[in-house]
Amino acid sequence: MKAELNKMVAVDYVLTVDGAVADRSQPGHPLEFIFGAGMLLPKFEVAIEGKEPGEKVAFTLAPADGYGEFDPQAVVELPKSVFMMDGKVAEDILFPGSQIPMADASGNRLLGVVREVGADSVKMDFNHPMAGKTLNFEVEVVSVRDVTPEDLAPKGGCGCGCHECGDDCHSHDEGCGCDHCS
């Protein structure tokens, strides 16, 4: 069976960014997804389309085909008052590198990363962590099968379906970093 629309596909992968491994599937726990359901980057699916179990492919995605270009306008200075909890600034979460789930004026959920903390303001970066990065994948198709009703039933975790959350979603207080949860 080939990787194609509406099939359950499992892959082992290694993602290399800037010469270092940025992510990988865990041994014995391939990334599973319904092909064509929008769970993965479209060009990722294009690269494995038609592949059968055991087939390997290596490919590179430019930033435009991955998580987009880095947008300097997505780095903003916010007053510390935005981070008030119970009448005081939540200083314990305000340090460089801290990931803070937030919402914009329209209620859209965003994951911001603290870049700098000043006396009265905090510089936040709302770009995806992989924005502006060239993504190098090595992928092996592990299995391809028909989708079952169980595959469509809600699972544990946050329910977004991303591989970062899965059944052992542990980080939604901080955000897991995926586009659905941040």
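Up top is the structure.
Predicted, not measured: the structure shown is a model, and the values here were computed from it.

### What to know about the nonpolar core
Across soluble globular proteins, nonpolar side chains have a tendency to be buried as a group.
So, point 1. Ranked by internal contacts, the top residues of the largest apolar core, which has 22 residues, are Val11 and Phe44.
So, point 2. The set of elements that each furnish at least two residues to this core consists of β1 (7-17), β3 (31-34), α1 (42-48), β4 (56-61) and β11 (135-146).
So, point 3. Those residues in contact with Phe44, other than ones at most four positions away along the chain, are Val11, Phe59, Leu61, Phe137 and Val139.
So, point 4. Judged by nonpolar contacts, the second largest core, of 8 residues, contains Leu94, Ile100, Met102 and Val122.

### Focus: the environment of Arg24
So, point 1. Within the secondary structure layout, Arg24 lies in strand β2 (residues 20-24).
So, point 2. In sequence terms Arg24 and Val14 are 10 residues apart; their C-alpha atoms lie 4.3 Å from each other.
So, point 3. Look past the residues within four positions of Arg24 in its chain and what remains in contact with it is Tyr13 and Val14.

### A closer look at the sheet that holds strand β8 (residues 99-103)
So, point 1. The antiparallel open sheet is built from 4 strands, whose spatial order is β5-β10-β9-β8. Looking at the sheet topology across the chains shown, the edges are occupied by β5 (75-79) and β8. Taken over all neighbouring pairs, the strand axes of this sheet differ in orientation by 45° on average, direction set aside.
So, point 2. Bridge count for β5 against strand β10 (residues 121-125) is 5 bridges, and the pairing is antiparallel. Within β10, the position partnered with Pro79 by the bridge is Ser121.

### A few points about the pairing of strand β9 (residues 109-117)
So, point 1. Both β8 and β9 contribute to a ladder of 5 bridges, which runs antiparallel. Paired with Pro101 across the strands is Leu111, a residue of β9.
So, point 2. Linking β8 to β9, which pair antiparallel, is a turn of 5 residues; within it Gly107 sits at a positive phi near 90°.
So, point 3. Bridge count between β9 and β10: 4 bridges; the pairing is antiparallel. Residue pairing in the sheet places Val117 in a bridge with Val122 of β10.
So, point 4. The hairpin turn running from β9 into β10, its antiparallel successor, is 3 residues long.

### With respect to the pattern of salt bridges
Where charged atoms from two side chains of opposite charge approach closely, those side chains can pair.
So, point 1. If you walk through the whole model with that rule in mind, you get 6 salt bridges.
So, point 2. Across the salt bridge formed by Lys7 and Asp146, the nearest N and O atoms sit 2.4 Å from each other. Remark: Asp146 occurs in strand β11 and Lys7 occurs in strand β1; sequence separation between them is 139 residues.
So, point 3. Under the relative-accessibility criterion, Asp146 is labelled partly exposed at 43%.
So, point 4. Across the salt bridge formed by Arg115 and Asp125, the nearest N and O atoms sit 3.3 Å from each other. Taken together, the positions of Arg115 in strand β9 and Asp125 in strand β10 put the pair 10 residues apart, joining distant regions of the chain.
So, point 5. Overall, Arg115 belongs to the partly exposed group, its relative accessible area being 43%.

### Concerning the packing of aromatic side chains
So, point 1. Scanning all chains against the criterion turns up 5 aromatic pairs.
So, point 2. Considering the side-chain rings of Phe33 and Phe44, the 6.5 Å spacing of their centres and the 80° angle between planes classify their relative orientation as edge-to-face. Taken as a pair, Phe33 in strand β3 and Phe44 in helix α1 lie far apart in primary sequence, 11 residues in all. There is no split in this pair, since Phe33 and Phe44 are both buried.
So, point 3. Here the aromatic cluster, defined as three or more aromatic residues joined through ring pairs, consists of Phe33, Phe35, Phe44, Phe59 and Phe137.

Reading guide: rules and limits
- Residues numbered from 1 in each chain as written.
- Predicted model: local features only at pLDDT ≥ 70, side-chain atom pairs only at ≥ 80, totals over all residues.
- Heavy atoms only, no water.
- Core = buried A, V, L, I, M, F, W, Y, C linked by side-chain atoms within 4.5 Å.
- Buried < 20%, exposed > 50% of the residue type's maximum accessible area, 1.4 Å probe, protein only.
- Helix = DSSP H or I, 4+ residues; strand = E, 2+ residues; numbered from the N terminus.
- Contact = heavy atoms within 4.5 Å.
- Pairing = 2+ DSSP bridges.
- Axes fitted to C-alpha atoms, helices over the stretch in contact; angles between N-to-C directions.
- Salt bridge = Lys/Arg side-chain N within 4 Å of Asp/Glu carboxyl O.
- Phe/Tyr/Trp six-rings, centres within 6.5 Å; stacked < 30°, edge-to-face > 60°.

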